[in-house]
Amino acid sequence: LSSGECSIEMEGEVDGFAHAICCLRAGEVAMGSTDGIIKVWDTQSGGCRAVLPAHGGSDVTCLAVRPGALGSRFVSGSRRDGYLHVWGVGENGSWQCTWVLQGHDGGITCLAMSRYVVCGSQGGRLRVWDLGARGV
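Across its full length, the protein chain holds zero helices and eleven strands. Secondary structure elements in the protein chain, listed N-terminal to C-terminal, are β-β-β-β-β-β-β-β-β-β-β. Buried residues in the protein chain amount to 45% of all 136 residues. In the protein chain, the proportion of contacts linking residues at least 24 apart, taken out of those at least 6 apart, comes to 34%. Just so you have it, the protein chain exposes about 7,300 Å², and 49% of that area is on carbon and sulfur atoms.

This is the structure:
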């Protein structure tokens, strides 16, 4: 960073531009785009590790990350129609959708994740889910 030069550039992006980006496990970055796809990128090679067809063509507007049990990590993506997808790392090390939550009637504008998934909407509402109650 001290040189101000880009370390690596990810190529082969999804159709549409990025709406949301977050860091996942060591060496992974997730990008959600306007076509409803989340891609997981390797920060060392710049290659794509996973393509997650998360939201059926609706924009992925927010991503958040939370450390999970046994070193796995969960990521949640949201889309404009109000649904949240909660992702976890399965036993084989690949990303899997573990829950789909009804978020809001309208677009989700912000998202945070810890023991709780918290999201806000264009309508000015905030909703909270307790992942601890689900054994996460």
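Let us now look at the pattern of salt bridges. For the structure shown, the criterion picks out three salt bridges. In this structure, Arg49 engages Asp42 in a salt bridge whose closest nitrogen and oxygen atoms are separated by 2.8 Å. Each of Glu28, Asp42 and Arg49 takes part in one network of salt bridges that share partners.

The subject of this paragraph is the confidence of the model for the protein chain. Confidence in the prediction for the protein chain averages 77 pLDDT; 80% of positions are at 70 or higher. Per-element mean pLDDT across the protein chain ranges from 68 in strand β6 (residues 73-79) up to 90 in strand β11 (residues 126-130).

What follows covers the environment of Ala50. Within the secondary structure layout, Ala50 lies in strand β4 (residues 48-53). Classification of Ala50 as buried rests on a relative accessible area of 16%. For the pair Ala50 and Val40, spaced ten residues apart in the sequence, the C-alpha separation amounts to 5.0 Å. In this structure Ala50 touches Ile38, Lys39, Val40 and Trp95, once residues within four positions along its chain are discounted.

Turning to the pairing of strand β8 (residues 95-102), a few remarks are in order. Inspection of the sheet shows strand β7 (residues 83-89) paired to β8 by seven bridges, in the antiparallel sense. Considered in β8, the bridge of His85 is made with Val100. What sits between the antiparallel neighbours β7 and β8 is a turn of five residues, in which Gly93 has the positive phi angle 85°.

One finds Ile38, Leu52, Leu63 and Trp95 to be the most contacted residues of the largest nonpolar core, which totals 14 residues. Only β1 (18-23), β3 (37-42), β4, β5 (60-67) and β7 provide two or more residues apiece to this core. Residues in contact with Ile38, not counting those within four places in the same chain, are Ala30, Met31, Gly32, Ala50, Val51, Leu52, Ala54, Val60, Leu63, Gly77 and Trp87. In terms of nonpolar packing, the next biggest core, distinct from the first, is built from twelve residues, Leu84, Val117, Trp129 and Leu131 among them.

Pairing in this open sheet of three strands is antiparallel, and the strands run β9-β10-β11 from one edge to the other. Lying at the two open borders of the sheet, with one neighbouring strand each, are β9 (108-113) and β11. Taking each pair of neighbouring strands and ignoring which way they run, the sheet shows an average axis angle of 15°. One ladder, built from five bridges, connects β9 with strand β10 (residues 116-121); its direction is antiparallel. Looking across to β10, one finds that Cys110 is bridged to Gly120.

Rules used throughout
- Residues numbered from 1 in each chain as written.
- Predicted model: local features only at pLDDT ≥ 70, side-chain atom pairs only at ≥ 80, totals over all residues.
- Heavy atoms only, no water.
- Helix = DSSP H or I, 4+ residues; strand = E, 2+ residues; numbered from the N terminus.
- Buried < 20%, exposed > 50% of the residue type's maximum accessible area, 1.4 Å probe, protein only.
- Contact = heavy atoms within 4.5 Å.
- Areas by Shrake-Rupley, 256 points an atom, 1.4 Å probe, with all protein chains shown as cover.
- Salt bridge = Lys/Arg side-chain N within 4 Å of Asp/Glu carboxyl O.
- pLDDT = per-residue confidence, 0-100.
- Pairing = 2+ DSSP bridges.
- Core = buried A, V, L, I, M, F, W, Y, C linked by side-chain atoms within 4.5 Å.
- Axes fitted to C-alpha atoms, helices over the stretch in contact; angles between N-to-C directions.

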